[in-house]
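Residue-level structure breakdown
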Amino acid sequence: MRRKNEEEQRKRIEDVKRAEEEAKTRAEAEALKLQDEAGKKKEAEEKRRMEQKSTLAIRRVIQKVRSAAPENFDALQKELEEVLAAELEHTGSQRQRMQEESDKGLEQARARIEQISIARKKEQEKKDEEERKKKEAEEHAKTLVEELDNLVTEAEAGASRLKEKAVPLESDAELSVDDVERVAQGVEHAGLEARAKTKACTDFILQRGPEMRDPSPVVPGQPPSEIKQSLARLLQRINECTRTAEGAITTARATKNTAVRRAAARDKTKEMEATFEKYDKDCDDMLSKKEVSEMATGEFKFTVPEDALTRIWKNMVEEGARGVTMERFQWLRVMIGAAREGERDDKRRVEREEKESIFQGLKNELADKIKEASFTVDEADKAVGIAEQNVQPLQLKAKAMSASAMMELADEVDEVIKEAKASVTQSRKQIDTLGEGFDARFANDLQAFLASQAKQLEIRMGRMEPRLGRTTNLSSRFREQALRKRTVEAEKLKVLALKVVRYNQRIRGWGKDALFAAFDKNGDGEICQSDFVAFFEGAEKELKDLDFRAQAPEAQKPSEEGKAANGEAASDGEAVAADDAADVAADSAAAAEATPGEEEAVAG
């Protein structure tokens, strides 16, 4: 039944494939090269899909075969044969690979079944083997415990040798520094050897510890086995050996420092005795003044001043004695060193005083520069204050001023702010240049002095920046108000000018051409700024009520746009004040620029 279904499915797939091929043939007859390529691509995609489907079906069965057990291997092998018979021919380029995978899967299954059989056979053998291994493990553990016992014995011997090496450092033997170093090196070497032997014990336990465990299970109520007891004793000996070696090393290092100091003191004493004998020319066990001077020159490269030598002699040589004895030789060296340092201190004091004098002069010069900068900062502060005074009443003045007056005032205020900014910039530049050109010897000190003295100037300069920013913002805001007001005034002037044009057009009975000619006095076919101004200078600017019934129809019937523009001036009897009419003549040029194409609106 399943095979039949598979055959039917295959037939359906083939039917679909044939239908697609027929459709493809019809499409190729109607399509161009591009459609042909699309059909081929579709065919290749369908073929690839069929290959993937068949490949997946075969691999599913192969996977089941790989995990087969002896009980179901034959059934799964038969199922694999069936699926290969049904699907292998549809795998296309994967056919060879599918055949190889199926063969390999069968081989793996047979190998797995063989392994299972072998494992079952070995299960019993394993139980027999465990008892044998247990006995071998016990014998092996005992052997390892004996090896560990030998290593512990060697470590204990190394710790004993270490203690013997450290004995000379702890005694009062008169050793030289070289002898002490040599003994200390021997102790260190013995310590390294002892540590290495102890580490060999611990490494042996870490590496072979699992092998030394007693394989016999612990029986409650019974004493530990002999192996466990031996291991416990060995661990205790290892710990004791480690403590002994570390204690000996620590003690040797501490006593070494003491021994070195003792040996160094002895060597120093011998060196001093040799130096004393070197300059005791007359071998009277005393150093005379001449011999002391020669010793200072030879050993210290220092010529003792006469007054210093007199002080040394007074403090060190008893009355009636001929010179300095060996017992006071070290004190003599100290006093010569003190005299040498005193002379050096005098030289350093002179150099310091000279440096302080130069530094004070530089400080005074810098202080004068700071004072000059302070005057500049005062001027800048005054300029910023003037700018603040100028911008303070701007908001109150804006309500009562015209746009042109506001723009003029804004220009004046901006000029004041510009001068204040220039003054602040100059002050900042002067302050920044204060720290330039310092002598490298006094640069750090002068910088510190400058920082302390110019701190208030920096604070004042820091406050000026936000103050200038505020004045700039207020001035900009005032200028924006002026621009908005100028826009409103221009709109009003536009309406007023349009009313005047309409009024003159009506009272004179002008049509479109006549109105254009009234503007274009020179007849060049264009209305320029001077033409616009000239028209308003000669126009009737006092608007009165008029009766247009007797006039020409064109003049009597203004357009709706004209009515809206002049606000029905004729019918309402609106009158324009004299000063408003004067504004029309004076500002006509600005109106012409603000409202391009006004002639067309008027003529309409």
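Now for a description of the structure that goes with this document. (Residues numbered from 1 in each chain as written. Predicted model: local features only at pLDDT ≥ 70, side-chain atom pairs only at ≥ 80, totals over all residues. Heavy atoms only, no water.)

Examining the nonpolar core
Convention followed: The nonpolar core is taken to be a set of buried Ala, Val, Leu, Ile, Met, Phe, Trp, Tyr and Cys residues, with the residues joined through side-chain atoms within 4.5 Å. Only protein chains enter the accessibility calculation, which uses a 1.4 Å probe. A residue is then buried if its area is under 20% of the maximum for its type, exposed if over 50%, and partly exposed in between. Only DSSP runs of H or I with at least four residues qualify as helices, and only runs of E with at least two residues qualify as strands; both kinds are numbered from the N terminus onward. Every residue pair with non-hydrogen atoms within 4.5 Å of one another is taken to be in contact.
One finds Ile370, Val424, Ile431, Met464 and Phe478 to be the most contacted residues of the largest nonpolar core, which totals 32 residues. Broken down by element, the residue count for this core peaks at ten residues, all from helix 11 (residues 403-432). Look past the residues within four positions of Ile370 in its chain and what remains in contact with it is Leu434, Phe449, Leu450, Gln453 and Leu457. Ranked by size, the runner-up nonpolar core spans 22 residues in total, among them Tyr279, Leu309, Met335 and Ile336.

Things to note about the packing of helix 9 (residues 329-391) against helix 11
Selection rule: To obtain an axis, a line is fitted to C-alpha atoms, over the contacting stretch when the element is a helix, and the angle between two such axes runs from 0 to 180 degrees between their N-to-C directions. When describing relative orientation, an angle under 35 degrees is termed roughly parallel and one over 145 degrees roughly antiparallel, while 65 to 115 degrees is termed roughly perpendicular and anything else oblique. Crossings are sorted by hand: turned counterclockwise from the far helix by less than a right angle, the near helix makes the crossing left-handed, and turned clockwise it makes it right-handed. Residues are grouped as follows: Ala, Val, Leu, Ile, Met, Phe, Trp, Tyr, Cys and Pro are nonpolar; Asp, Glu, Lys and Arg are charged; every other residue, Gly included, is polar.
Orientation of helix 9 relative to helix 11, taken along the N-to-C sense of each, is 160°, at an axis distance of 8 Å. With respect to helix 11, the element helix 9 is oriented roughly antiparallel. Crossing hand, helix 9 versus helix 11: left-handed. Judged by residue contacts, Glu372, Ala373, Thr376, Val377, Glu379, Ala380, Ala383, Val384, Ile386, Ala387, Asn390 and Val391 of helix 9 engage Val413, Val416, Ile417, Ala420, Ser423, Val424, Ser427, Gln430 and Ile431 from helix 11. Residues that form the contact of helix 9 with helix 11 fall into these classes: 14 nonpolar, five polar and two charged.

Here we look at helix 5 (residues 177-208)
Note the cut-off: For a helix, the expected span equals 1.5 Å multiplied by the number of residues minus one.
For helix 5, spanning 32 residues, the distance from its first C-alpha to its last is 46 Å, which sits close to the expected 46 Å at 1.5 Å a residue. Inspection of helix 5 places Val180, Val183, Ala184, Val187, Ala190, Gly191, Ala194, Thr198, Cys201 and Phe204 among the buried residues, and these make up the whole buried set.

Here we look at the packing of helix 6 (residues 226-279) against helix 9
Taken N-terminus to C-terminus, the directions of helix 6 and helix 9 make an angle of 80°; their axes are 11 Å apart at the nearest point. Between helix 6 and helix 9, the angle is such that the two are roughly perpendicular. For the pair formed by helix 6 and helix 9, the contact residues are Lys268, Met272, Thr275 and Phe276 on the first element and Phe329, Gln330 and Arg333 on the second. By residue class, the composition of the contact of helix 6 with helix 9 is three nonpolar, two polar and two charged.

A closer look at the pattern of salt bridges
Heads up, the condition is: By convention in these notes, a salt bridge is any Lys or Arg side-chain nitrogen within 4 Å of a carboxyl oxygen on Asp or Glu.
Tallied over the full model, the rule gives 30 salt bridges. Its salt-bridge partner being Arg132, residue Glu129 comes within 1.4 Å of it at the nearest N-O pair. Of the two residues, Glu129 and Arg132 are both situated in helix 4 (residues 95-170); the distance of three residues between them amounts to about one turn of the helix. Close ionic contact of Arg460 with Asp381 constitutes a salt bridge, the shortest N to O distance being 3.5 Å. With Arg460 in helix 13 (residues 455-508) and Asp381 in helix 9, this pair connects stretches of sequence that are 79 residues apart. Of the residues examined, Arg460 reaches a relative accessible area of 24% and is grouped as partly exposed. A relative accessible area of 24% means that Asp381 is categorised as partly exposed. Several salt bridges share partner residues, and in doing so they unite Asp378, Asp381, Glu388, Arg460 and Arg467 into one network.

Description of a negative patch on the surface
Inclusion rule: Distance thresholds for patches are 9 Å for like charges and 5 Å for nonpolar side chains (Val, Leu, Ile, Met, Phe, Trp, Tyr), applied to residues having over 30% relative accessible area and no salt bridge. Note on areas: these come from Shrake-Rupley sampling with a 1.4 Å probe, and a residue is covered only by the protein chains present in the view. Think of it this way: Lys and Arg go in the positive column, Asp and Glu in the negative one, and His and the chain ends go nowhere. The atom standing in for a charge is NZ when the residue is Lys, CZ when it is Arg, CG when it is Asp and CD when it is Glu.
A surface patch of like charges, here negative, comprises Glu273, Glu277, Asp285 and Glu327. Its location among the elements puts Glu273 in helix 6.

Some remarks on the side chain of Thr376
What counts here: Counted as a polar contact is a pair of N or O atoms within 3.5 Å, where, for protein atoms, one must be capable of donating a hydrogen and the other of accepting one, and residues adjacent in sequence contribute only when both atoms are in side chains.
By the secondary structure assignment, Thr376 is in helix 9. Polar side-chain contacts of Thr376 include one of 2.7 Å to the side chain of Gln430. Among all residues touching Thr376, those that are not within four sequence positions of it are Ser427 and Gln430.

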